[in-house]
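Observations on the three-dimensional arrangement
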Amino acid sequence: MTQYLGRTTLSHPVFTGLQYRRLGALVGELAHAWMASEEGRLHNRRGRGRLRAAGVGPNHQLVFTDRIIVTLVVLRLQLPHAALAVLYGVDRSTITRAVHEIRPLLAARGFAVPGHLDLRLRTLEDVFAYAAAEGVELRLDGTEVRVRRPGANRPGRRAFVSGKMRQNTKKATVVTDERGRTLWAGAFRPGRMHDQTVVKTEGICDLFERYPEVKAQVDAGYRGLAKQFPDQVQAPPLKPKKDAPPETLAAWDATRHQQSSERICVEHANAEHKQWRTLQRYLGRREYFDESYSAVAGLVSDRAAKR
């Protein structure tokens, strides 16, 4: 299969997860950043400036557009690099090198802002500033993805064993608005760490203090955060004791159901991320998980911001 046929086939939304128009816009958006990173890489390798004009010398076996396409296919379907190399008629290492070049650029894009498509949120502080300015009530939740088990006798091996899933996982925290549109995903930690500990080590307590007008809906895993900031963070109510009267149980159940209905949109956002196979069970090296998740969540936020 020629590169042209490979590009035509793999650029289909079934493989990339993006419509053709969005794919074209993404290529134009990343072109300048890729050229800058490529020039920096070549300069570091040479140890000096150019001796020949730009564009002189051998051409890339895999052009920039194809590099973006194969990276999207790897993130979307987690196809083996060797299989993509056969489709494009190149060596497997060429595909691997392309993914390592494009994936950081996708991860660095940040997250789309609903109603302000020219702006991007990149940090948790950006999210709080946006929520304070626009009066957005946040939804906060943690999600886990299975990863490869660390090698035997390596330090920190048990840190990835999740107490809930009983598997080796990495944990991510996702923040959405009231409509389930992804505003931020990050705070990546080993699966053994508790959800509340994850966000506290990310500095969320300081942000709640700096932005007292920001409110958030959370699940029972963040009950301690709700106790610390009762006017800003709402968690599910505690279940009454067994000898509680029926009217108390009925009121608790209604309140719990209402809070769950308002918070469930963040679970839907997590499900959107995991439509990409690489986040259903991550088969790559754990050190690249953070980049992969940020890249996928940023792409999902582009579509969600237009809802």
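The notes below deal with the structure included here.

In this description, an aromatic ring pair is defined by two values, namely the gap between the centres and the angle between the planes. Across all of its chains, the model carries seven aromatic pairs by this definition. Where Tyr282 meets Phe289, the ring centres are 5.5 Å apart and the plane angle is 80 degrees; that geometry is what we call edge-to-face. The pair formed by Tyr282 and Phe289 is uniform in burial state, with each residue classed as buried. Look at Phe289 and Tyr293: their rings are 5.9 Å apart centre to centre, the planes differ by 55 degrees, and that puts the pair in the tilted class. Within this pair, Phe289 and its partner Tyr293 are both found in helix 12 (residues 289-304), separated by four residues, close to a single helical turn. A relative accessible area of 0% means that Phe289 is categorised as buried. Judged by relative accessible area, Tyr293 falls into the buried class, the value being 0%.

Attention now goes to the sheet that holds strand 3 (residues 138-146). Spatial ordering of the open sheet is given by 5-4-3-6-7, a layout of five strands whose pairing is mixed. A strand with exactly one partner marks an edge of an open sheet, and here the two such strands are strand 5 (182-190) and strand 7 (233-234). Bridging between strand 4 (residues 169-176) and strand 5 involves six bridges; their strand directions are antiparallel. In the strand pairing of strand 5, Lys171 is matched with Arg189.

Another point: the environment of Ala297. Along the chain, Ala297 falls in helix 12. Separated by 266 residues in the primary sequence, Ala297 and Ala31 have C-alpha atoms spaced 20 Å apart. In this view, Ala297 contacts Phe111, Thr182, Ala185 and His273; residues no more than four positions away in its chain are not counted.

Our focus in this paragraph is the nonpolar core. Formed by 75 residues in total, the largest nonpolar core has its most connected members in Ile68, Leu106, Phe128, Leu138, Ile204 and Tyr293. The element best represented in this core is helix 4 (residues 64-77), accounting for eight residues. Non-local contacts of Phe128, meaning those with residues more than four positions away in its chain, are made with Leu138, Ile204, Leu207, Phe208, Tyr211 and Val214.

What follows deals with the pairing of strand 3. For strand 3, the tally of buried residues reaches eight of nine residues, placing the bulk of the element in the interior. When strand 3 meets strand 6 (residues 216-217), the two strands line up parallel, connected through two bridges. Of the residues in strand 6, the one forming a bridge with Leu138 is Ala216.

Between two packed helices, what matters for the description is the angle formed by their axes and the separation of those axes. Two numbers describe how helix 5 (residues 81-88) lies on helix 6 (residues 92-107): the axes approach to 8 Å, and their chain directions differ by 110 degrees. Between helix 5 and helix 6, the angle is such that the two are roughly perpendicular. Each of His81, Ala82, Leu84 and Ala85 in helix 5 lies in contact with helix 6, whose residues at this interface are Arg92, Ile95, Thr96 and Val99. Tallied by class, residues from the contact of helix 5 with helix 6 come to five nonpolar, two polar and one charged.

A few words on the side chain of Glu101. Within the secondary structure, Glu101 is located in helix 6. A relative accessible area of 14% places Glu101 in the buried class. Each residue touching Glu101, except ones within four places of it in the same chain, is listed here: Trp34, Glu38, Arg41 and Arg67.

Let us now look at helix 11 (residues 246-273). For helix 11, spanning 28 residues, the distance from its first C-alpha to its last is 40 Å, which sits close to the expected 40 Å at 1.5 Å a residue. Its axis deflected by about 40 degrees at Glu262, helix 11 carries its strongest bend there. Of all the positions in helix 11, only Trp252, Gln259, Arg263, Cys265, Val266, Ala269, Asn270, Glu272 and His273 are classed as buried. Its buried side turned inward, helix 11 meets strand 3, strand 4, strand 5, strand 6, strand 7 and helix 12.

Cut-offs used in this document
Residues numbered from 1 in each chain as written. Predicted model: local features only at pLDDT ≥ 70, side-chain atom pairs only at ≥ 80, totals over all residues. Heavy atoms only, no water. Phe/Tyr/Trp six-rings, centres within 6.5 Å; stacked < 30°, edge-to-face > 60°. Buried < 20%, exposed > 50% of the residue type's maximum accessible area, 1.4 Å probe, protein only. Helix = DSSP H or I, 4+ residues; strand = E, 2+ residues; numbered from the N terminus. Pairing = 2+ DSSP bridges. Contact = heavy atoms within 4.5 Å. Core = buried A, V, L, I, M, F, W, Y, C linked by side-chain atoms within 4.5 Å. Axes fitted to C-alpha atoms, helices over the stretch in contact; angles between N-to-C directions. Parallel < 35°, antiparallel > 145°, perpendicular 65-115°, else oblique. Nonpolar A, V, L, I, M, F, W, Y, C, P; charged D, E, K, R; others polar. Expected span 1.5 Å × (residues − 1). Bend = angle between axes of the 7 residues up to and from the residue.

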